[in-house]
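# Structural characterization, general
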Amino acid sequence: MTGVNARTAPSPRTHVEERRAAASVIVIGTGAAGLRAAIGLAERGVQVLCVGKRRRDDAHTVLASGGINAALATMDPEDSWEQHAADTLREAYWLADPRSVELLCREAPDAIEDLVRYGAQFAREGDGRLTQRYFGAHRWRRTCFAGDYTGREIQRALVRRAAEVGVTMRDDVYVTRLLVHEGRVFGVYGFDVEDGSRWVIVADAVVLAAGGHTRIWRRSSSRRDENTGDAMRLAVEAGCRLRDMEFVQFHPTGMVFPEESAGTLVTEAVRGEGGILRNAAGERFMERYDPKRLELSTRDRVALANYTEIAEGRGTQHGGVLLDVSHLDREMLLRRLPRMYRQFIDLAMLDITTTPMEVAPTAHYSMGGVWVDAETHATDVEGLYAVGECATGVHGANRLGGNSLTECVVFGRIVGDEAARWAANLDVQVRDRAAISAAREEVDELLARGGEEFPRPLQRAVRDLMSECGGVVRSEDGLREGLTRLDEVAARARAIEVRPDIAGYDDLAHALDLHGSLLAARATLECALERRETRGAHNRRDYPDQDPGLQVNLVWTGDGTVTHEPIPQASPEIVALAGGPELDVTGRLLE
Ligand SMILES: Cc1cc2nc3c(=O)[nH]c(=O)nc-3n(C[C@H](O)[C@H](O)[C@H](O)COP(=O)(O)OP(=O)(O)OC[C@H]3O[C@@H](n4cnc5c(N)ncnc54)[C@H](O)[C@@H]3O)c2cc1C
């Protein structure tokens, strides 16, 4: 490992090995955001260590399918970064930070150029131009893609580039705590998921790129053990605040059948290519919800439409609606949607070119996360930066499809620059032994606890209560019930039994995942209670209208305080491109 500066030493309390290492910057997360940050750092000659808790070639980013946005104007010359920003802000219901959005959209073309330089193979036209396609609610075609394996292709290119520029990467380090002294981060504490040995890694700066919290709903497009809210817990315990936690994007189309595959995403590209939504009666119901944009309407609208059709009894036998591409050319479908074709054959033994898919909303993306500065992505803790899905500011109340990968690579580069600058200007770094001891004792205590509860059933209890009380449509009563049930799960979690075995320390990881989920769930429910309106992805049955007084971000601290944070004005030019600040909410129906 880069910078290993001390020997292996058994801990007096537990007799487990505790390894020490040092890096100038540690990046937590080997998805697109973490890798892009690490590449930028290594390209500047900064010694960087990038860690993840699962294999880097299988980070959550590989699931991204549909594409990545940049106003390259290869297909529609009228497009511009300003129009991209306008679309993003409008669809965020004006709750995104205009400074972050302008940066995102202005820098996106360079970020794509970097990816191409690193070897990412995006689809191209016959004359060599990058092909760009429509994604829902974009004014022009600006989504680059690699079949429907865009995330996998980007991840492949980033992993290769990171290795080329000398980033040290480890796939087996579960970070349990950020090490902080008087409001400044000085490293991380963690354990090896294979053998349980501990890691103390000291650093000048830390980049947190550990993903979101959407796995805490029963139907989720994340796989097991990813997006469990680790980033939120690590940040809050270090002294950070969270923001926008009530805004969780429910993707309109997750698989509903078979049960073990429930939640697995059916990419928006299916609708982008011409897929039609119908209820069990064969009605093309989007005509009632958004007659103009139909299936290409925004995610929140299509998710709410699907939810409403199912809740009002017009769903299919398995509790979904039908998504049909059987009217489209088979060859085109096999070429443009190969992953979807294979997914349905593999999981449901269904040929999508002839038979409609059954779909329902699935928890998909965390718009909220760690509070960051709009431009630098610095957090409340000095030397700590957050980026990618775990950060906030770009998506507000609703994320445009394809903007997340853009966010990872644009802000990945920016936090790399910022962390490098911070590290270069640091005179003194205190390595607080009390903070290290506290981190060590936390893990020791968890291993020694011994009780009658196990992490998996408690994770399931969190997922149940979040689905029933904090899902697509919410209410005061439901949210309060969710908080009561959460208290009960948290109490049971104090009697958890962690049993590492010969196969590894997964059990310890699950227990800590659960802690992350409990914190992320509480923040989500408390912010959702406070937002007494319906806006974007947040639907309140008891407050069905938008409240102009809530044109703010909600900021949550670990003690449960929620404060209102004003949002800067977007520039008049961008507001004009967005067609003015008024929002068209026609077609939004509630259960
Ligand atoms: C099915 C699907 C399709 C999608 N399609 C698109 C799309 O077409 N376009 C788009 O823009 N976006 C899409 N998204 C969203 C996008 O994929 C994600 O938002 C993005 O990849 C997040 O990247 P990230 O680097 O922030 O985090 P991730 O890729 O989630 O990586 C998180 C990293 O943190 C590590 N980690 C977490 N906790 C710990 C810990 N405690 N200790 C150590 N390491 C830890 C993990 O091991 C991992 O390496 C899609 C998402 C899904 C699920």
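Here's what I pulled together on the structure shown here. Being a predicted model, the structure only gives us computed values, none of them experimental. Along each chain, numbering runs from 1 in the same order as the chain's sequence is written. For a predicted model such as this one, the threshold for reporting local features is a pLDDT of at least 70, and the threshold for listing and counting side-chain atom pairs is 80 or more; totals across whole chains, interfaces and linings nevertheless cover every residue. The side-chain numbers reported here are obtained from all heavy atoms of the structure, hydrogens and water having been left aside.

Broken down by element type, the protein carries 16 helices and 20 strands. Here the globule rule reads 2.2 Å times residues to the power 0.38, and the radius of gyration is calculated from C-alpha atoms. Compactness check: the protein gives a C-alpha radius of gyration of 23 Å against a globular reference of 25 Å for 591 residues, within 12% of the reference. Along the first, second and third principal axes, the C-alpha atoms of the protein reach 70 × 55 × 50 Å. The buried share of the protein, reckoned over its 591 residues, is 63%. Across the protein, the centroid of the 73 positively charged side chains sits 2 Å from that of the 92 negatively charged ones. A run of H or I in DSSP becomes a helix once it reaches four residues, and a run of E becomes a strand once it reaches two; helices and strands are each numbered from the N terminus. Type-normalised accessible area, obtained with a 1.4 Å probe on protein chains alone, sets the label of each residue: buried when under 20%, exposed when over 50%, and partly exposed for intermediate values. Positive residues here are Lys and Arg, negative ones are Asp and Glu, while His and the chain termini are left out of the count. To locate a charge, the coordinates of NZ of Lys, CZ of Arg, CG of Asp or CD of Glu are taken.

This paragraph deals with the side chain of Gln155. Here Gln155 shows up in helix α4 (residues 150-164). There is a polar contact of 2.7 Å between the side chain of Gln155 and the backbone oxygen of Thr30. Here a polar contact is recorded for every N or O atom pair within 3.5 Å, except that within protein the pair must consist of a potential hydrogen donor and a potential acceptor, and residues adjacent in sequence are included only if both atoms are side-chain atoms.

The next point concerns the pattern of salt bridges. The term salt bridge refers to a side-chain nitrogen of Lys or Arg lying within 4 Å of a carboxyl oxygen of Asp or Glu. For the structure on display, the rule yields 65 salt bridges. A salt bridge links Arg440 to Glu18, with the shortest nitrogen-to-oxygen separation between them at 2.7 Å. Placement of the pair is Arg440 in helix α12 (residues 433-448) and Glu18 in strand β2 (residues 17-28), with a sequence separation of 422 residues. Taken individually, Arg440 and Glu18 each receive the classification buried, so the pair is uniform in this respect. The partner of Arg133 in a salt bridge is Glu273, with the nearest N and O atoms 3.1 Å apart. With a gap of 140 residues between them, Arg133 in the loop between α3 (98-117) and β5 (143-144) and Glu273 in the loop between α6 (269-272) and β12 (276-278) connect regions that are remote in the sequence. Overall, the relative accessible area of 6% leaves Arg133 in the buried class. Within the structure, one salt-bridge network assembled from shared partners comprises Asp79, Asp87, Arg90, Glu91, Arg142, Asp290, Arg293 and Arg301.

Let us look at the environment of Ala461. For Ala461, the location among the structural elements is in helix α13 (residues 455-469). C-alpha of Ala461 to C-alpha of Leu486: the two residues are 25 residues apart in sequence and 8.5 Å apart in space.

Attention shifts here to the sheet that holds strand β10 (residues 242-243). Only when DSSP finds a minimum of two bridges between them are two strands counted as paired. Pairing within the open sheet is antiparallel, and its 4 strands lie in the order β15-β10-β19-β20. The open sheet has two edge strands, β15 (369-370) and β20 (562-566), and neither has a second partner. Taken strand by strand, helix α15 (residues 506-530) contacts β10, β19 (552-556) and β20, and its axis lies near 140° from that of β19. The contact criterion used throughout is that any non-hydrogen atoms of two residues lie within 4.5 Å. Only the stretch in contact is used when a helix axis is fitted, and all axes are lines through C-alpha atoms; the angle between N-to-C directions ranges over 0 to 180 degrees.

The next subject is the site of the ligand. Residues are counted as near a molecule or strand when any one of their heavy atoms sits within 4 Å of it. Taken together, 35 residues are adjacent to the ligand, and Thr61, Gly67, Glu389, Ser404 and Leu405 come closest. In the model, an oxygen atom of the ligand is placed 2.6 Å from a nitrogen or oxygen of the Thr61 side chain. Gly67 has a polar backbone atom sitting 2.8 Å from a nitrogen atom of the ligand. Here the accessible surface of atoms and residues is derived via Shrake-Rupley with a 1.4 Å probe, and residues count as covered only by protein chains that are part of the display. Here the ligand, which alone exposes 1,000 Å², has 97% of that area covered by the protein. Mapped onto the shell around the ligand, the elements with two or more residues apiece are α1 (32-43), β7 (173-181), β14 (357-366) and α11 (403-424). In terms of residue count, α11 provides more of the shell around the ligand than any other element does, 4 residues in total. Ten residues, namely Ala, Val, Leu, Ile, Met, Phe, Trp, Tyr, Cys and Pro, are considered nonpolar, four, namely Asp, Glu, Lys and Arg, are considered charged, and the remaining ones, Gly among them, are considered polar. By residue class, the composition of the shell around the ligand is 14 nonpolar, 16 polar and 5 charged.

Let's shift gears to the environment of Glu226. Looking at where Glu226 falls in the secondary structure, it is placed in the loop between β9 (198-208) and α5 (230-238). On the basis of relative accessibility, which here comes to 4%, the residue Glu226 falls in the buried class. Each C-alpha atom of the pair Glu226 and Ala528 lies 23 Å from the other, and the pair is 302 residues apart in sequence. When sequence neighbours within four positions are dropped, the list of residues in contact with Glu226 reads Arg54, His60, Leu63 and Arg215. Engagement of the side chain of Glu226 in a polar contact is seen with the side chain of Arg54, the distance being 3.3 Å.

Mapped onto the secondary structure, His538 falls in the loop between α15 and β18 (539-540). Overall, His538 belongs to the buried group, its relative accessible area being 0%. Side chain to side chain, His538 and Arg474 meet in a polar contact 3.0 Å long. Excluding its chain neighbours within four sequence positions, the residues that come into contact with His538 are Glu246, Phe247, Arg474, Ala528, Arg531 and Glu533.

For the rest of this paragraph, the subject is the packing of α1 against α4. The interhelical angle for the contact between α1 and α4, taken along N-to-C directions, is 30°, at an axis separation of 9 Å. Comparing their axes, α4 and α1 come out roughly parallel. Crossing angle aside, the handedness with which α1 passes α4 is left-handed. When α1 is examined against α4, the residues Ala32, Leu35, Arg36, Ile39 and Glu43 are found in contact with a partner set consisting of Gln155, Leu158, Val159, Arg161 and Ala162. Angles below 35 degrees are treated as roughly parallel, those above 145 as roughly antiparallel, those between 65 and 115 as roughly perpendicular, and all remaining angles as oblique. Should the near helix be turned counterclockwise from the far one by less than a right angle, the crossing is left-handed, whereas a clockwise turn marks it as right-handed.

Within the open sheet, the 4 strands sit side by side as β11-β14-β13-β12. Their pairing is antiparallel. Each end of this open sheet is capped by a strand with a single partner; those strands are β11 (248-255) and β12. Averaged over all neighbouring strand pairs, the angle between strand axes comes to 45°, with direction disregarded.

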